[in-house]
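Report on the structure
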2 protein chains.
Amino acid sequence: MARTQGSHSDITGPRIRKAALKLFAQHGYAAVSMRQIAGEVGVQAGALYNYTPDKQSLLFGLMHAHMDELLSARAALPPVDGPLEELKQFVGFHIRFHLERPDEVFIAYMELRNLTPENFAMIEALRRTYEDDLEGILREGVAQGVFAVPDTKIATLAVIAMLNGVNTWYRSGGRLSLDEVETIYWDMVRKAVAR
Amino acid sequence: MARTQGSHSDITGPRIRKAALKLFAQHGYAAVSMRQIAGEVGVQAGALYNYTPDKQSLLFGLMHAHMDELLSARAALPPVDGPLEELKQFVGFHIRFHLERPDEVFIAYMELRNLTPENFAMIEALRRTYEDDLEGILREGVAQGVFAVPDTKIATLAVIAMLNGVNTWYRSGGRLSLDEVETIYWDMVRKAVAR
DNA sequence: GTCTATACAGCGATAGAC
DNA sequence: GTCTATCGCTGTATAGAC
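Just so we're clear, the structure is a prediction, and the values are computed from it rather than from any experiment.

1. Some details on the UniProt feature "domain: HTH tetR-type" (unreviewed entry) in chain A
Feature annotation in UniProt places "domain: HTH tetR-type" (unreviewed entry) on residues 10-70 of chain A, given in this structure's numbering. When the span residues 10-70 of chain A is considered, its composition is 66% helix and 0% strand, and the gap between its end C-alpha atoms is 28 Å.

Given below as structure tokens:
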């Protein structure tokens, strides 16, 4: 049956989140209007408010979902043996997970300052959990004499910063395959924390 | 003599740039209004247009000045002997230069997408010059057998990404001195590119 | 659930007085 | 060089018809 008016539900909620994700990543949260998001979905601006109380909740929902997925995907990895193998697994996981979600990652880093203080605190806590996970690996490696880093907290942040950099330049179908990228970064990380 | 109206020049131009820098870094270019900038300076919004043709030029001017300073400060460093010493000098320079200008650095990375295409291309070219400088060091080191990296371009980006991370957590007066930070990062970079 | 219409505030930028 | 006033537009969010 043809419709004379807009899309009439179906799966409007997910489509709104998808459109917001794309537009926020492209132009930035502050630069994107509710009208633009509605236009992308094919509804009028007012209709968005059936799915989100306001624009801020839309942003927070996207970031929260992303962090939840990150932590549960990480938790679902199979156990491996010893700090060196754990670190290698972490590097590979981090690169792949983030390269699969460039828009979510971009928003998660760029739009932190557009969260309300309460929302910011919640996202930061989740990010901190992820960092602590890596720091635990480094700490154990140092304790076992497998790694030698001057400061495990800084090494944690340095490794994550280095790995996050991949998202700024990697394009699938480019010069390097995902496997090659993983190998190259693992080589640098491994040496950086080595004895 | 008391004035019944606003600030009457003095050095309004620099004060506008300083206010814009602070506000753009704090809230983001798109979220900051010309009225806010004017309020910070203590003039009315219309007065800003004696100093900048529009908001975009204000942003571009800040970013361009920052990149120019980066490149000329880098060029002014004394010559040192061999790739290892050159890399060490680069690491120390990069960390210090960027930690001294947190707002400029933040804007230079976060507001790229708010530049017009022409302005974006100019800033990117300057950034590229800086990266090529580091890549030259790595390449020479590899040629001399001092370094071993699988890919000098990626190693360049990885090192810069790692070093840029310092700005997200370092606070002067914190747990670590600037010298300690420099030592810690140099240790990790040195090992990451080592044979 | 979506539409149209609208309230009300704020935006960048300009004009003309002083 | 700064002010006041204003243009034309866009922003988020809401109300009520269908």
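Now that the structure has been shown, the text picks up again.
2. Observations concerning the domain arrangement of chain A
Often, the extent of an interface is quoted as the loss of accessible area on bringing the components together. Residue and element names in this part refer to chain A. What the domain assignment lists for chain A is domain 1 (1-52) and domain 2 (54-192). Each of domain 1 and domain 2 has a C-alpha centre, and the two are 30 Å apart. At the interface, 11 residues of domain 1 touch 14 residues of domain 2. The greatest single-element share of the side of domain 1 that touches domain 2, amounting to 6 residues, is contributed by helix H1 (residues 12-27). When grouped by side-chain class, the residues that make up the side of domain 1 that touches domain 2 number 7 nonpolar, 2 polar and 2 charged.

3. Overview of the relation of the copies chain A and chain B
Taken together, a rotation about one axis and a shift along it account for how the two chain copies relate. Screw-axis analysis of chain A against chain B gives a translation of 0.0 Å along the axis, an RMSD of 0.1 Å, and a rotation angle of 180°. Put plainly, the chains are arranged around a two-fold axis. Counting the interface residues of chain A, we find that 100% of their copies in chain B are interface residues as well, pointing to one common contact surface.

4. Some remarks on the nonpolar core
By size, the foremost hydrophobic cluster in this structure holds 50 residues, and its most contacted members are A:Ala158, A:Met162, A:Tyr185, A:Val189, B:Ala158 and B:Tyr185. When contributions to this core are tallied by element, the ones reaching two or more residues are helix H4 (83-99), helix H6 (117-143), helix H7 (152-164) and helix H9 (178-192) of chain A together with helix H4 (82-99), helix H6 (117-143), helix H7 (152-164) and helix H9 (178-192) of chain B. Discounting chain neighbours no more than four positions away, the residues touching A:Met162 are A:Val189, B:Ala158, B:Ala161 and B:Met162.

5. A few points about H7(B)
Residue and element names in this part refer to chain B. Between its first and last C-alpha, H7 extends 18 Å over 13 residues, near the 18 Å set by a 1.5 Å rise per residue. Burial analysis of H7 places 11 of its 13 residues in the buried class, the great majority of the element. When we look at burial in H7, the residues that qualify are Thr-152, Ile-154, Ala-155, Thr-156, Leu-157, Ala-158, Val-159, Ile-160, Ala-161, Met-162 and Leu-163.

Reading guide: rules and limits
- Residues numbered from 1 in each chain as written.
- Chains lettered and ligands numbered in written order.
- Predicted model: local features only at pLDDT ≥ 70, side-chain atom pairs only at ≥ 80, totals over all residues.
- UniProt positions renumbered as here; feature names shortened; annotations may be inferred.
- Helix = DSSP H or I, 4+ residues; strand = E, 2+ residues; numbered from the N terminus.
- Domains from an automatic or database assignment.
- Contact = placed C-beta atoms within 7 Å.
- Nonpolar A, V, L, I, M, F, W, Y, C, P; charged D, E, K, R; others polar.
- Least-squares fit on C-alpha atoms with pLDDT ≥ 70 in both.
- Core = buried A, V, L, I, M, F, W, Y, C linked by C-beta atoms within 7 Å.
- Buried ≥ 20, exposed ≤ 12 C-beta atoms within 10 Å, placed from the backbone.
- Expected span 1.5 Å × (residues − 1).

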